[in-house]
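Descriptive analysis of the structure
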Amino acid sequence: MNTRRKVSKLLALATLCAPLALMAQAFPSKPITLVVPVPPGGLVDTSARLISEPFGRLIGQSVVIDNKGGASGNLAYQQVARSPKDGHTLLVSYSGYHIANPILMSKLPWELKDLTPVGLITVATNVVAVHPSVPANNMREFIAYLKQNPGKLNYASQGNGSVSHIGTEIFKQQTAVDLVHVPYKGSGQAIADVLGGQVQVFMTTPPSVMQHIQAGKLKALAVTGKKRHPGMPQVPTMAEAGYPNIDLEAWVALYAPAGTPAATINQLADAVKRSLDLPESKQRADQAGIEVRFLAPADMTKLLDREIADWTQAIKTANIKLD
């Protein structure tokens, strides 16, 4: 009788625990948060909002965007790295923070191993935009002016270690010019100060400045990709301007905390791919001046390995130091 009672109790306990175990494993079981390491506006935020609605619809949950700027993206990285490994808190970030921060910063509240890639979302070239007060209408005139006026002009970046920071420093090294770095916590205030003339130069992605260039409020001297940007067909590439070695492309990807179940990662990756395949997503990306481009988790890992090696060498060669 004692044995029967024990078996009955065990069966009852198993019956109670089974639903709890299923609930713990269920995904998704609540809204998904996309943590964005910059304020609203710019490539990263635009990319997050590009996928948020179709992604949520396909995954079966609402999606909340949490803009958590500051500390060169590290606040957002720390938040996601320490989040539960259940797929409900994800990071949308770009190559500058993800690759450059671990190379340039000795003390970080996160490590690359704390995050696992879900998929590539978008890519974008960069454009060298200047305030109309700068007396140059093309890249050769700009470089000539900088050489005649070393240290006179300031350049903006989205923060230490961002693509705009690294890219402009590499530009300085390769053209032997002197510009003063002014880091910001994202694109919003940087653009405001460039428009106001407090800072005169900004190398950034087209979504941040394209409307201001088209309105004549900023001058675009060159794009850093291999081909001209469709939204600014009159702007030459760096190669066309005579500087073929300056080739800079930014990309945005989705990450989950390391240790998130593989099945959840695959489910998230599939939803990202299907979101980007939608005609309306491609249309919105075209309007924003960016390109949708999906890479699966395994391919993202290869991209990261390759670019970490490339950026490490570029930063070492350019002797880039954090301000």
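Structural notes, computed from the coordinates. Everything quoted here is computed from the prediction, not taken from an experiment. (Residues numbered from 1 in each chain as written. Predicted model: local features only at pLDDT ≥ 70, side-chain atom pairs only at ≥ 80, totals over all residues. Heavy atoms only, no water.)

**A word on helix α9 (residues 262-277)**
When the terminal C-alpha atoms of α9 are compared, their 22 Å separation across 16 residues agrees well with the 22 Å that a helix rising 1.5 Å per residue should span. All of the buried residues in α9 are Thr264, Ile265, Leu268, Ala269, Ala271, Val272, Ser275 and Leu276. What you see down the axis of α9 is that its buried residues fit within an arc of 160 degrees, all on one side. Facing away from the buried surface of α9 by more than 90 degrees, the exposed residues are Ala262 and Ala263. (Helix = DSSP H or I, 4+ residues; strand = E, 2+ residues; numbered from the N terminus. Expected span 1.5 Å × (residues − 1). Buried < 20%, exposed > 50% of the residue type's maximum accessible area, 1.4 Å probe, protein only. Arc of directions from axis to C-beta.)

**Quick notes on the packing of aromatic side chains**
Applying the stated criterion to the full structure yields 3 aromatic pairs. With a centroid separation of 5.2 Å and 75 degrees between ring planes, the pair formed by Tyr94 and Tyr97 is classed as edge-to-face. Exposure class is identical for Tyr94 and Tyr97. Each is buried. For the pair Phe142 and Phe171, a centre-to-centre distance of 6.3 Å together with 20 degrees between the ring planes defines the contact as stacked. Taken together, the residues Phe142 in helix α5 (residues 139-148) and Phe171 in helix α6 (residues 163-175) connect sequence positions 29 residues apart. Residue class for Phe171 comes out buried when judged on its relative accessible area of 2%. (Phe/Tyr/Trp six-rings, centres within 6.5 Å; stacked < 30°, edge-to-face > 60°.)

**Looking at the sheet that holds strand β1 (residues 32-36)**
The sheet built from 6 strands is open, its strands ordered β2-β1-β3-β10-β4-β11 with mixed pairing. Only two strands of the sheet have a single partner each, and these edge strands are β2 (63-67) and β11 (291-295). Across this sheet, the average inter-strand angle for adjacent strands is 25 degrees, counted without regard to direction. (Pairing = 2+ DSSP bridges. Axes fitted to C-alpha atoms, helices over the stretch in contact; angles between N-to-C directions.)

**Focus: the side chain of Ser208**
Among the structural elements, Ser208 can be located in helix α8 (residues 206-214). The class of Ser208 is buried, set by a relative accessible area of 4%. With sequence-adjacent residues up to four places away left out, Ser208 is seen in contact with Gly42, Leu43, Ser187 and Ile191. (Contact = heavy atoms within 4.5 Å.)

**Some thoughts on the pattern of salt bridges**
According to the stated counting rule, one finds 10 salt bridges in the structure shown. A salt bridge links Lys226 to Asp247, with the shortest nitrogen-to-oxygen separation between them at 2.6 Å. Here Asp247 lies in the loop between β9 (219-223) and β10 (249-257) and Lys226 lies in the loop between β9 and β10, a separation of 21 residues in the sequence. Given the relative accessible area of 75%, Lys226 is considered exposed. Residue Arg293 is joined to Glu249 by a salt bridge in which the shortest nitrogen-to-oxygen separation is 3.8 Å. One end of the pair, Arg293, is in strand β11; the other, Glu249, is in strand β10, with 44 residues separating them in the sequence. A relative accessible area of 31% places Arg293 in the partly exposed class. (Salt bridge = Lys/Arg side-chain N within 4 Å of Asp/Glu carboxyl O.)

**Focus: the pairing of β2**
One ladder, built from 5 bridges, connects β1 with β2; its direction is parallel. Bridge pairing in β2 places Leu34 opposite Ile65.

**Some words on the environment of Ala258**
Its location among the elements puts Ala258 in the loop between β10 and α9. Put simply, Ala258 and Asn154 are 104 residues apart on the chain and 39 Å apart in space, counted from C-alpha to C-alpha. When near neighbours in sequence (up to four residues on either side) are disregarded, Ala258 contacts Lys85, Lys113, Asp114, Leu115 and Thr116.

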